[in-house]
Amino acid sequence: MDLQQKTQELAEKLEKMTARGKDLPFELVEHLEVLDRAVDQILNLLDTALEPRKPTVFVPEPLCASKLAPSNEIRVLLVEDNMVNRKLAMLVLERVGCEVDVAENGAEGVEKFKTGDYLAIFMDCQMPVMDGYEATRAIRKLETGTNSHIPIIAVTANAMKGDKEKCLECGMDDYISKPILPNDLQGAVNRWCSVQA
């Protein structure tokens, strides 16, 4: 079992505890703070490891790079409740030139959509308060009659047959499975955040 799976399981257990109205024990809160600092350190190490270096061999430009909006115009919304997944996705999205706003559940994501100007939304499917499916349906309802359509990319751990179809049926445009891979996120940015000619 890898670190991300263990962290996901812990987050799910904590979510269940707090959803039942239980307060978290003080010792657990302290451990979570230590875990949060450790995750920050790991992500900083990853960030350092991902620093651009002068390649010794030819590295091709990303697909569609010439069609991407200027980096200061690629503004995306990331809707993700899990702290580790959120930080990792933010790191990768920022690396590929995106300005990232964050929402921690679907309801917050819908509110940010109403007030933000985004080229795409990266939407987790399983979240508290309002899940990604319901949030997507709410956004599509808000778009009705506006002649606009924001790309919504599902980012989900569900990898069973029929999950991708479920995402597309509720109005999502694309699907990325977890664990989050940098190439998958960059590919989605390339596909959905291009300049409209």
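Bear in mind the structure is a predicted one, so any value in this text is a computation, not a measurement. (Residues numbered from 1 in each chain as written. Predicted model: local features only at pLDDT ≥ 70, side-chain atom pairs only at ≥ 80, totals over all residues. Heavy atoms only, no water.)

Chemist: Break down the packing of helix 3 (residues 83–95) against helix 7 (residues 182–192) for me, citing the residues and quoting the values.
Modeler: When two helices pack together, you describe them by how their axes are tilted relative to each other and by the distance separating the axes. Contact geometry of helix 3 with helix 7 gives a least axis separation of 10 Å together with a crossing angle of 55°. Compared by their axis directions, helix 3 and helix 7 come out oblique. Between helix 3 and helix 7 the crossing geometry is right-handed. Where helix 3 abuts helix 7, its residues Ala 89, Val 92 and Leu 93 lie against Pro 182, Leu 185 and Val 189. Residue composition of the contact of helix 3 with helix 7, by class: 6 nonpolar, no polar and no charged. (Axes fitted to C-alpha atoms, helices over the stretch in contact; angles between N-to-C directions. Helix = DSSP H or I, 4+ residues; strand = E, 2+ residues; numbered from the N terminus. Parallel < 35°, antiparallel > 145°, perpendicular 65-115°, else oblique. Left-handed = near helix turned anticlockwise from the far one by under 90°. Contact = heavy atoms within 4.5 Å. Nonpolar A, V, L, I, M, F, W, Y, C, P; charged D, E, K, R; others polar.)

Chemist: An account of the packing of aromatic side chains is requested, with residue identities and associated values reported.
Modeler: Under the defined criterion, the tally for this structure stands at 0 aromatic pairs. Of note, Lys 166 hangs over the ring of Tyr 133, and the distance from its end group to the ring centre comes to 4.4 Å. (Phe/Tyr/Trp six-rings, centres within 6.5 Å; stacked < 30°, edge-to-face > 60°. Lys NZ or Arg CZ within 6 Å of the ring centre and 35° of its normal.)

Chemist: Would you mind going over the sheet that holds strand 3 (residues 120–124) in detail, with residue names and values included?
Modeler: Ordered in space as 2-1-3-4-5, the 5 strands form an open sheet in which the pairing is parallel. Unpaired on one side and paired on the other, strand 2 (99–103) and strand 5 (174–177) mark the two borders of the sheet. Strand-to-strand twist in this sheet, taken as the mean axis angle between neighbours without regard to direction, amounts to 20°. Both strand 1 (residues 75–79) and strand 2 contribute to a ladder of 5 bridges, which runs parallel. When the sheet's bridge partners are listed, Arg 75 is paired in strand 2 with Glu 99. Across the sheet, helix 7 is in contact with strand 3, strand 4 (152–156) and strand 5; its angle to strand 5 comes to roughly 170°. (Pairing = 2+ DSSP bridges.)

Chemist: Run through the side chain of Asp 124, naming residues and quoting values.
Modeler: Positionally, Asp 124 belongs in strand 3. Overall, Asp 124 belongs to the buried group, its relative accessible area being 3%. Within the structure, the side chain of Asp 124 is placed 3.2 Å from the side chain of Lys 178, a separation counted as a polar contact. When sequence neighbours within four positions are dropped, the list of residues in contact with Asp 124 reads Val 79, Glu 80, Asp 81, Gly 132, Val 155, Thr 156 and Lys 178. (Buried < 20%, exposed > 50% of the residue type's maximum accessible area, 1.4 Å probe, protein only. Polar contact = N/O pair within 3.5 Å; in protein donor to acceptor, adjacent residues only side chain to side chain.)

Chemist: Explain the nonpolar core to me, using residue names and the numbers behind them.
Modeler: Core analysis: the largest hydrophobic core is formed by 21 residues, its most contacted members being Ile 121, Met 123, Ile 139 and Met 172. Elements that contribute at least two residues to this core include exactly strand 1, helix 4 (106–115), strand 3, helix 5 (132–143) and strand 4. Sorting elements by how many residues they give to this core places helix 5 first, with 3 residues. Apart from residues no more than four positions distant in its own chain, Met 172 is found in contact with Met 123, Cys 125, Gly 132, Tyr 133, Thr 136, Ile 152, Ala 154 and Cys 167. Core analysis: the second largest hydrophobic core is formed by 20 residues, Leu 78, Leu 88, Leu 93 and Val 100 among them. (Core = buried A, V, L, I, M, F, W, Y, C linked by side-chain atoms within 4.5 Å.)

Chemist: Which residues make up the state of the cysteines, and what values go with them?
Modeler: Counted according to the given criterion, the structure contains 0 disulfides. Between Cys 167, a free cysteine, and Cys 125, which holds the nearest cysteine sulfur, the sulfur-to-sulfur gap is 3.8 Å. Accessibility expressed as a relative area gives 0% for Cys 167, which makes it buried. Take Cys 170: it sits in no disulfide, and the sulfur closest to it among the cysteines is that of Cys 167, at 6.1 Å. On the accessibility criterion, Cys 170 (8% relative accessible area) is buried. (Disulfide = S-S within 2.5 Å.)

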